[in-house]
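# Topology and contacts: notes
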Amino acid sequence: MTPQQLTEEYIFAHDLREASAKIYRAATKALLKHFGPTATVQDVDHRAVLGWRRKVLEQGLSKRSWNTYSNHLRTIWGYAIEHELVTHSQVNPFRKTTVIPPRRASKTVAAEAILRARNWLNMQDGAERCTGERARITPAWFWLCTFEVFYFTGIRLNALLCIRKRDIDWENQLILIRGETEKTHKEFVVPITEGLVPHLSRLLQEADRAGFADDDQLFNVNRFSPHYKSKVMNSDQVEAMYRKLTEKVGVRMTPHRFRHTLATDLMKAPERNIHLTKCLLNHSNIQTTMSYIEADYDHMRAVLHARSLAQGALENVRKVDYSGSPQASAKPKPCGQPLARVSEALPQPPDTFEQSVLFTLMAQNLSNRAASASAAPAATSGSGGWGSAARSNLA
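Owing to the predicted nature of the structure, the values given are computational and were not obtained by experimental measurement.

## Overview of the overall build of the protein
The secondary structure content of the protein amounts to 17 helices and three strands. A burial count over the protein gives 39% of its 395 residues as buried. Here the contacts in the protein between residues at least 6 apart in sequence split such that 60% fall between residues at least 24 apart.

## What to know about the confidence of the model for the protein
Confidence along the protein averages 84 in pLDDT terms, with 79% of residues attaining 70 or more. For residues 332–353, every residue scores under 50 in pLDDT, and the model assigns this stretch 22 contacts once sequence neighbours within four places are set aside. Counted against residues more than four places away or in other chains, residues 377–395, with its pLDDT under 50, gives seven contacts.

## Thoughts on the nonpolar core
Among the nonpolar cores identified, the biggest contains 47 residues, and Phe 219 and Met 253 are the most heavily contacted of them. For this core, the secondary-structure elements that each account for two or more residues are helix H5 (111–131), helix H6 (140–153), helix H7 (157–161), strand S2 (174–177), strand S3 (188–191), helix H8 (197–209), helix H9 (235–249) and helix H10 (255–268). Sorting elements by how many residues they give to this core places H6 first, with eight residues. Beyond its immediate sequence surroundings of up to four residues, Met 253 is in contact with Val 109, Ala 113, Ile 114, Ala 117, Phe 147, Tyr 242, Leu 245, Thr 246 and Phe 258. Within the second largest apolar cluster, 25 residues are counted, among which are Ile 11, Tyr 24, Val 56 and Trp 77.

## Side note on the pairing of S2
In S2, alternate side chains face the same way, and those of Ile 175 and Ile 177 are buried while those of Leu 174 and Leu 176 on the opposite face are not. Where strand S1 (residues 168–169) and S2 come together, two bridges link them in antiparallel fashion. If you follow Asp 169 over to S2, its bridge partner there is Leu 174. Linkage of S1 to S2, two consecutive antiparallel strands, is achieved through a turn of four residues, within which Gln 173 is found at a positive phi near 55°. In the sheet, S2 pairs with S3 via four bridges, with the strands oriented antiparallel. Among the inter-strand pairings, Leu 174 is bridged to a residue of S3, identified as Pro 191.

## Regarding the pattern of salt bridges
Evaluation of the coordinates by the stated rule reveals 18 salt bridges. A salt bridge links Arg 136 to Glu 247; the nearest nitrogen and oxygen atoms lie 3.1 Å apart. Of this pair, Arg 136 sits in the loop between H5 and H6 while Glu 247 sits in helix H9, and the two are 111 residues apart along the sequence. One network of salt bridges, with partners in common, ties together Arg 164, Arg 166, Asp 167, Arg 178, Glu 180 and Asp 215.

## Concerning H5
Spanning 21 residues, H5 covers 30 Å between terminal C-alpha atoms, matching the ideal 30 Å at 1.5 Å per step. Of all the residues in H5, the buried ones are Ala 113, Ile 114, Ala 117, Arg 118, Trp 120, Leu 121, Gln 124, Asp 125, Gly 126 and Glu 128. Downstream of H5 by one or two residues, Gly 132 has phi in the positive range, about 75°.

## Quick look at the packing of aromatic side chains
Tallying each qualifying case throughout the model produces 17 aromatic pairs. Aromatic pair Phe 142 and Trp 143: ring centres 5.1 Å apart, planes at 80°, arrangement edge-to-face. The residues Phe 142 and Trp 143 share a single accessibility class, namely buried. A cation over an aromatic ring shows up here: Arg 118 above the ring of Tyr 151, its NZ or CZ 4.7 Å from the ring centre. A cation over a ring is seen here: Arg 223 above Phe 212, with NZ or CZ 3.9 Å from the ring centre.

## Details of the environment of Gln 5
Within the secondary structure, Gln 5 is located in helix H1 (residues 3–13). When the C-alpha atoms of Gln 5 and Thr 28 are compared, they prove to be 9.8 Å apart, with 23 residues separating the residues in sequence.

## A closer look at the sheet that holds S2
In spatial order, the strands read S1-S2-S3; together these three strands make up an open sheet with antiparallel pairing. Two strands close off the open sheet at either side, each with one partner strand: S1 and S3.

Calculation notes
Residues numbered from 1 in each chain as written. Predicted model: local features only at pLDDT ≥ 70, side-chain atom pairs only at ≥ 80, totals over all residues. Heavy atoms only, no water. Helix = DSSP H or I, 4+ residues; strand = E, 2+ residues; numbered from the N terminus. Buried < 20%, exposed > 50% of the residue type's maximum accessible area, 1.4 Å probe, protein only. Contact = heavy atoms within 4.5 Å. pLDDT = per-residue confidence, 0-100. Core = buried A, V, L, I, M, F, W, Y, C linked by side-chain atoms within 4.5 Å. Pairing = 2+ DSSP bridges. Salt bridge = Lys/Arg side-chain N within 4 Å of Asp/Glu carboxyl O. Expected span 1.5 Å × (residues − 1). Phe/Tyr/Trp six-rings, centres within 6.5 Å; stacked < 30°, edge-to-face > 60°. Lys NZ or Arg CZ within 6 Å of the ring centre and 35° of its normal.

Next up, the structure:
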């Protein structure tokens, strides 16, 4: 049996989305590119897989792409071993062949960039309405609606493409996301927020005007403009719009980045409801949700500041103005003053840490000066000290 036959057997036995089946076939195609089109399952052993891994990584394949190949092929081989489609070995050759990829840069989009993109889309919509001429992205009202749906809901691109007209529950202000369109195969709903209402309202009105049936694809730009010829809207059309936004704003934007941005923003909220975030993004486990959330350094700084206040550590770094304090106005006594009177010149011990340190340093300084003053006469006296001893030696 060939790897390609194994892959088709696995796809036949599972209810996969078209996008998922495409990834399994792509992984198998990459395998055959290395092992050759005539390779059999017997040719694919653990050491051979490791050699393939080393070669493609050296050629520049990203570690994440390799892990995608490895994980999908491991699943295919695991199915084959379990159902005895492969009998020459019970060891999965793709077991423990993934690598640790570098952590990706932040996938969130700054609020300021989102605002600029929204303003530009609104300008395009206004220009089309006023002039009747085709905007750079057309119809602009449709792409503005698409943009706002991704911003307010964080749904996946495939989920948006699969929304039917009947999936909009206008009475209860909900959008149904069907399980067969989701990676998790779980059906869920997302609320229609106040900011999204005018955009969806216009979309539904335009759909009624165009004669949409209840089961028709609702987000289908091809039916709202004569400039498109396809019957069904696909991901390429959405991604092309986001590329234009990226070019205009100068910040990379994609529907998936809006998911990361939404997750991070929700966790910045005072309640920080991780369960709400998980449900809205329709994740199967909490670890996936956590991986979507970027570090909030402003919040981190505030927490550390609150900790320093609570433990009194902030006093150690706070700058204090001593211009009117006793320490600033105190004058050291003359050097010849007796040591016994030094204590009279010292200021009273302060309460704060900074003043305590300053008090100690001043006390040491005044004590050293008093000690030097009392020792000086003995050193210069004609009846003793170093001077008299030196003169005796010279004589």
